[in-house]
Amino acid sequence: MDLNYSVEEQAFRAEVQEFLAQKLPKEMSDAMRLGHDLGKEGHEKWHAILNEQGWLAPNWPQEFGGCEWNAVQRHIFEEECCRANAPRIVPFGLAMLAPVLQKFGSKAQQDHYLPRILSGEDWWCQGYSEPGAGSDLASLKTRAVREGDHYVVNGQKTWTTLGQYANWIFCLVRTDPDAKQQAGISFLLIDMNTPGIEVRPIILLDGTHEVNEVWFTDVKVPVENLVGEENKGWTYAKYLLTHERTNIAGVGFSSAGLEAVKRMARSQMHRGRPLIENPHFAARAARAEIDLMAMSTTNLRIISRAASGQAPGVESSMLKVKGTEIRQEINDLARRAAGAYAMPFVSEALEGGNEPDMGPEGSAAAAPQYFNNRKLSIFGGSNEVQKNIIAKVKLGGGA
Ligand SMILES: Cc1cc2nc3c(=O)[nH]c(=O)nc-3n(C[C@H](O)[C@H](O)[C@H](O)COP(=O)(O)OP(=O)(O)OC[C@H]3O[C@@H](n4cnc5c(N)ncnc54)[C@H](O)[C@@H]3O)c2cc1C
């Protein structure tokens, strides 16, 4: 295994760097660096810039308008985007639903929805989780009953990220309550503007409106919005989840975060000396950096195997656990480095503007990011559940 980048890969990196230098708006990268909220318009703007470049869909086949980049190219692109403080593309339509439609959707669904995902005409959200159906997703209860040429949907989804912006939701619904749990689920595409849908905000620990409850009361959904076959939704749901866990290690985010922590700790004084020279703080920062370097090498090893055609297995669970632990530790270090400047919670400070942070750069966002990123070890499959998988496959001798 060769972990050095080839000449072509280095040229690709230079091309990405050039693109970011030319096309990433400075106000956008500043906002990202300072942890400000980008808002719907900001996300849409970056989406449009990438679409114009033809770089919006790294994992899509070219026949559908994607880049069909290999794992190494995708890694380089992610790494450079994080380094340049580019926004992250909202994944629900592009990275999650699209692969399902490309593999299991009808030709009509592919022709209709895929171009609209690229153009940004549709904003998708994910309706998987319900109260009582998170880790144990197969116990979901939202019911869809076939009545002629449509389904009637009743139930509740929860934790629907950015559902307040979405005009479409892909949902797992129960179509056969008598079958074994996994065998009675279907995958439906639902227009959020259909009568009977209500979106209620959930305000997170950092004060942001990022997630929602979505309620369905007698919502009529045309049968042509069923993906694949009725009661086979669990297969498609699992396929989608393999795409949800891409770039799970978040090496780029952690590297950028650690650099910011070091900058902050150099400027902050503690007992008359820069905080970075405090032995306890320096030891924690060094430990985080060593862990990050080790994980980054593991990540590259897995990418290199993926590039040679081997699918990652339990390794993605290992990256999820380690990657999120490291990011949460870096968030904690940032909050400590900002010290008292991370104390007041002023949500306006995250909306950007001309006022600089009261403390060192990034200090206004240090506490909200720390609190917000408690989610990292929960969503995309909680870390406890990932550890069960690792234990079963690696320690228990299972398959
Ligand atoms: C910020 C955020 C955004 C999200 N966005 C979306 C979204 O857009 N769409 C969507 O559908 N879902 C979304 N989710 C839901 C997410 O997928 C679930 O929160 C996650 O699957 C965990 O489920 P749960 O919250 O019901 O917790 P539970 O499953 O009830 O778990 C509670 C605790 O028990 C532990 N636990 C559960 N089972 C086991 C086990 N077998 N062994 C050991 N420990 C166990 C868990 O690890 C956890 O610590 C989001 C969640 C968050 C926090």
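This text goes with the structure placed above it.
For the structure given in this document, a descriptive report is provided here. (Residues numbered from 1 in each chain as written. Predicted model: local features only at pLDDT ≥ 70, side-chain atom pairs only at ≥ 80, totals over all residues. Heavy atoms only, no water.)

## Topic: the pairing of strand β1 (residues 124–127)
Burial along β1 is two-sided: W124 and Q126 facing one way and C125 and G127 facing the other are all buried. The sheet contact formed by β1 and strand β4 (residues 168–174) spans four bridges and is parallel. Within β4, the position partnered with C125 by the bridge is I169. (Buried < 20%, exposed > 50% of the residue type's maximum accessible area, 1.4 Å probe, protein only. Helix = DSSP H or I, 4+ residues; strand = E, 2+ residues; numbered from the N terminus. Pairing = 2+ DSSP bridges.)

## Quick notes on the site of the ligand
Looking at the ligand, there are 17 residues lining it, with S135, W159, T161, S382 and E384 nearest. Within the backbone of Y128, one N or O atom sits 2.9 Å away from an oxygen atom of the ligand. One of the side-chain N or O atoms of S129 is found 2.7 Å from a nitrogen atom in the ligand. Taking 970 Å² as the accessible area of the ligand by itself, protein coverage stands at 67%. Counting residues per element, the shell around the ligand draws most heavily on helix α12 (residues 383–395), which supplies three residues. Partitioning the shell around the ligand into residue classes produces seven nonpolar, eight polar and two charged. (Near = heavy atom within 4 Å. Polar contact = N/O pair within 3.5 Å; in protein donor to acceptor, adjacent residues only side chain to side chain. Areas by Shrake-Rupley, 256 points an atom, 1.4 Å probe, with all protein chains shown as cover. Nonpolar A, V, L, I, M, F, W, Y, C, P; charged D, E, K, R; others polar.)

## A closer look at the packing of aromatic side chains
Summed over all chains, the structure comprises 17 aromatic pairs. Between Y113 and W124, the ring centres sit 5.7 Å apart and the planes meet at 75 degrees, which makes this aromatic pair edge-to-face. Taken together, the residues span a long stretch of sequence, with Y113 in helix α6 (residues 107–119) and W124 in strand β1 at a distance of eleven residues. Accessibility classification places Y113 together with W124 in one group, the buried group. (Phe/Tyr/Trp six-rings, centres within 6.5 Å; stacked < 30°, edge-to-face > 60°.)

## As for the pattern of salt bridges
Within this structure, the stated rule accounts for 25 salt bridges. A single network of salt bridges, built from pairs that share partners, joins R284, E329, D332, R335 and R336. (Salt bridge = Lys/Arg side-chain N within 4 Å of Asp/Glu carboxyl O.)

## Focus: the pairing of β4
Burial analysis of β4 places seven of its seven residues in the buried class, the great majority of the element. Covered by surrounding structure in β4 are W168, F170, L172 and R174 together with I169, C171 and V173, the residues of both alternating faces.

## Regarding the packing of helix α1 (residues 7–23) against helix α4 (residues 71–83)
Two elements in contact, α1 and α4, have axes separated by 10 Å at closest approach and are oriented at 35 degrees. Read as a crossing pair, α1 and α4 show a hand that is right-handed. Side by side, α1 and α4 meet where E9, F12, R13, V16, Q17 and L20 of the first sit next to V72, Q73, I76, F77, E79, E80, C81 and R83 of the second. (Axes fitted to C-alpha atoms, helices over the stretch in contact; angles between N-to-C directions. Left-handed = near helix turned anticlockwise from the far one by under 90°. Contact = heavy atoms within 4.5 Å.)

## Notes on α4
In this model, α4 (13 residues) spans 18 Å end to end at C-alpha, consistent with the 18 Å of a helix rising 1.5 Å per residue. Of the residues that open α4, the one with a side-chain oxygen 3.1 Å from the backbone nitrogen of V72 is N70. Looking at the residues trailing α4, positive phi occurs at N85, about 60 degrees. (Expected span 1.5 Å × (residues − 1).)

## A look at the nonpolar core
With 73 residues, the main nonpolar core has F170, F187, L189 and I190 as its most contacted residues. A total of seven residues in this core trace back to one element, the largest contributor, which is helix α5 (residues 91–104). Of all hydrophobic cores here, the second largest spans 24 residues; its members include L258, L275, I326 and I330. (Core = buried A, V, L, I, M, F, W, Y, C linked by side-chain atoms within 4.5 Å.)

## Some details on the side chain of S254
Looking at the element boundaries, S254 is found in helix α8 (residues 251–267). The class for S254 is buried, based on a relative accessible area of 1%. Contact partners of S254, with chain neighbours within four places excluded, come to L292, G323, I326, R327 and I330.

Note that all results are geometric; they support no functional claim without further evidence.
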